[in-house]
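# An overview of the molecular structure
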Amino acid sequence: MEEFDGEPTVTWIPGVNSQKKQMCFDWGPGEMLVCETSFNKKEKPQMVASCPFIHIIRKDIDVYSKILRKLFNESHGIFVGLQRIEEELTGKSRKAQLVRVSKNYRSVIRACMEEMHQFAVADKDSASGRQFSSQVSILSAMELIWNLCEILFIEVAPAGPLLLYLLDWVRLHVCEVDNLSADVLGSENPSKHESFWSLVTTLVLQGRLDEARQMLSKEADANPASAGMCRVLGDLMRTMPVLSPGNTQTLTELELRWQHWHEECERHLQDGTFASSPRLESLCKVLLGDDAALLEQKELLSNWYHFLVTRLLYSQPTVKPMDLHLYAQSSLDLFLGGESSPEPLDNILMAAFEFDIHQVIKECSIALSNWWFVAHLTDLLDHCKLLQSHNLYFGSNMREFLLLEYASGLFAHHSLWQLGVDYCDHCPELGRVSLELHIERIPLTTEQKALKVLRVCEQRQMTEQVRSICKILAMKAVRNNRLGSALSWSIRAKDAAFATLVSDRFLRDYCERGCFSDLDLIDNLGPAMMLSDRLTFLGKYREFHRLYGEKRFVDAASLLLSLMTSQIAPRSFWMTLLTDALPLLEQKQVIFSAEQTYELLRCLEDLTSGKPLCGEPDAQQLQDDDIETTKVEMLRLALARNLARSIIKEGSLEGS
């Protein structure tokens, strides 16, 4: 098993003193509940005053940021699109698509960062403003790392073009020079501006030599004494060999031309061409890639990776990717000078320059506040076939592990859980199991949300989860006395026991009110009524009422008798059924035959004799009830009359 790199960070909970009070906690899928117990730390429990709060500790609070939610939503679409890239695409077409996907991710990060920056500026003096500023710094670091990984791992830039990509990388992320340029050029006399030489030097440090030459021309116009030196330095900048994207020259030709140019710069410096102007002489030393001259501009370089790229530009323009880590390490050491230790960002960038993908992902996982970055970067690198050989010690691969960790944070949010479903879908090994575990814990706060969750489960044939959700919704409906909805959900869950319970509630309501609610549902049960005997009885009993209402008395009588003789009707409901038979017994025409009448008499005697049938409740109390006794007498009288009429009718039919 892998070892921890260090001790985990300690999270302090306001208002809780774990030194004096014993704590209890309970883990959840995305959060933990913490509270003080009523016991002290001695062996003897005693009631003591405690903190009255239950604290909820969330492991991923970024999902609750409105701005970062935009990042999650936008990147979800990019992620799903990436999974659909056809495997047949190979070579340049596939690489171009992967680079485009990477740039799409970066554009989402940058858009989110710019919006966050606007909030930080508008609310800079408050705690929320400081929090926004902190998030801007994190997003900026994320884009910086992603951009470098794109250059090194996805573009896989060779020697020559590699430096051009790195220059663009530095220019994109060290952008203060544009504001400085606007200030200087916006003044009445740019060459006299206090930041003029800082601007020229920064332009040279970023390799923006055309703009630097334009600034030198302004100095030459304003100061004729230095015009000649400015012209010579400007010519050196103009003639510096650079490998442009459309250029067909080879690296060998570039190295030869660059070597001649470098010797010419050195000759001018040795001849003292710029001796009378320390600033111009310093710029010439920068063009020569002199480390000491570059380190004098440490404030303008602002960070070691800017120093690295400038150093490569003016000393190793054809640096090979495999040698990058050597120059990166020496640049970091020179820039820090032993005065400070590397920051987490420095370690991540250094790991990238060393082409150690797994270390980059590991360091980012430790340093960043959520799993979004490492999950999406790892997924993209996996599509580049760069992580195929790396499996984690507990059986999953790195891509799945990080995607599922990220998805677990999404499931903790009331709406982002829908994004988490897609991330689980695209994890073939453990995604299904993870989805089943998380989806059972989604709070079904509204029926609309429950239907969304149910749809997700049904689309993926998650039978157990469908049944569980339907049971929960059925129970909620019963508590709210919405019997129609409860019956519908219990049928959908195929839960016979609960369907029986709801059917009993329908029958009880009928006994109390004399009519059924939710007739449309009961009338259209169809094959679903076979789910349980009680539900079958409910459907058939409603059919009896429909037949009676249509004056199909013979069919109604036959159905009523079958409900009693088949033992499908609950014994407690027999008296109601027999009472329903009274109007049929009193009809002018004979509805019940003699045999059917005998069956009704037997049922009445079974009910009044107090003989409980197997599994049915005893109805002995009916004999003690005066009202029920009156009903029994009326039934006996009606049955006797009907028996006499039916015997006479059947006898006359036989005689004829």
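Under an unreviewed UniProt entry, the chain has the name Nuclear pore complex protein Nup85 and belongs to Odocoileus virginianus. Of the comments in the UniProt record for the chain, the one headed Subunit (unreviewed entry) reads "Component of the nuclear pore complex (NPC)." Quoted verbatim from the Subcellular location (unreviewed entry) field of the UniProt record, the comment on the chain reads "Nucleus, Nuclear pore complex".

This part takes up the environment of Leu560. If you trace the backbone, Leu560 turns up in helix H27 (residues 553–565). Given the relative accessible area of 0%, Leu560 is considered buried. Here the alpha-carbon distance between Leu560 and Asp580, two residues 20 residues apart in the chain, equals 8.5 Å. Residue contacts for Leu560: discarding those within four places in its chain leaves Phe544, Leu577, Asp580 and Ala581.

Turning our eyes to something else, we now look at unusual backbone geometry. A positive phi angle, close to 50 degrees, is found at Val156, a residue other than glycine. Relative to the elements of secondary structure, Val156 occurs in the loop between helix H3 (127–154) and helix H4 (161–173). Although it is not a glycine, Ser302 sits at a positive phi angle of roughly 70 degrees. Structurally, Ser302 is set in the loop between helix H12 (298–301) and helix H13 (304–315).

Counted at 1.5 Å a residue, the expected span for H27 with its 13 residues is 18 Å, and the 18 Å between its end C-alpha atoms agrees. Residues of H27 that are buried include every one of Phe553, Ala556, Ala557, Leu559, Leu560, Leu561, Leu563 and Met564, and no others. Tucked inside the fold, the buried residues of H27 contact helix H26 (533–549), helix H28 (574–585) and helix H29 (594–609). Taken from the residues just after H27, Gln567 is the one with a positive phi, measuring 65 degrees.

Glancing now at helix H1 (residues 66–83). Along its 18 residues, H1 runs 26 Å from first to last C-alpha, staying within 8% of the 26 Å computed at 1.5 Å per residue. Within H1, burial applies to Ile67, Leu68, Leu71, Phe72, Ser75, His76, Ile78, Phe79, Val80, Leu82 and Gln83.

For the rest of this paragraph, the subject is the environment of Ala375. With respect to the helices and strands, Ala375 occurs in helix H17 (residues 372–383). With a relative accessible area of 0%, Ala375 lands in the buried category. Setting aside its immediate chain neighbours within four residues, Ala375 contacts Leu402, Leu403 and Tyr406.

The subject of this paragraph is the state of the cysteines. On inspection of all chains with the given rule, the structure shows zero disulfides. Unpaired in this structure, Cys149 has its nearest cysteine sulfur neighbour in Cys364, at a distance of 6.8 Å. Assessed through its relative accessible area of 0%, Cys149 is described here as buried. As a non-bridged cysteine, Cys424 has Cys427 as the owner of its nearest cysteine sulfur, 6.4 Å distant.

Calculation notes
- Residues numbered from 1 in each chain as written.
- Predicted model: local features only at pLDDT ≥ 70, side-chain atom pairs only at ≥ 80, totals over all residues.
- Heavy atoms only, no water.
- UniProt positions renumbered as here; feature names shortened; annotations may be inferred.
- Helix = DSSP H or I, 4+ residues; strand = E, 2+ residues; numbered from the N terminus.
- Buried < 20%, exposed > 50% of the residue type's maximum accessible area, 1.4 Å probe, protein only.
- Contact = heavy atoms within 4.5 Å.
- Expected span 1.5 Å × (residues − 1).
- Disulfide = S-S within 2.5 Å.

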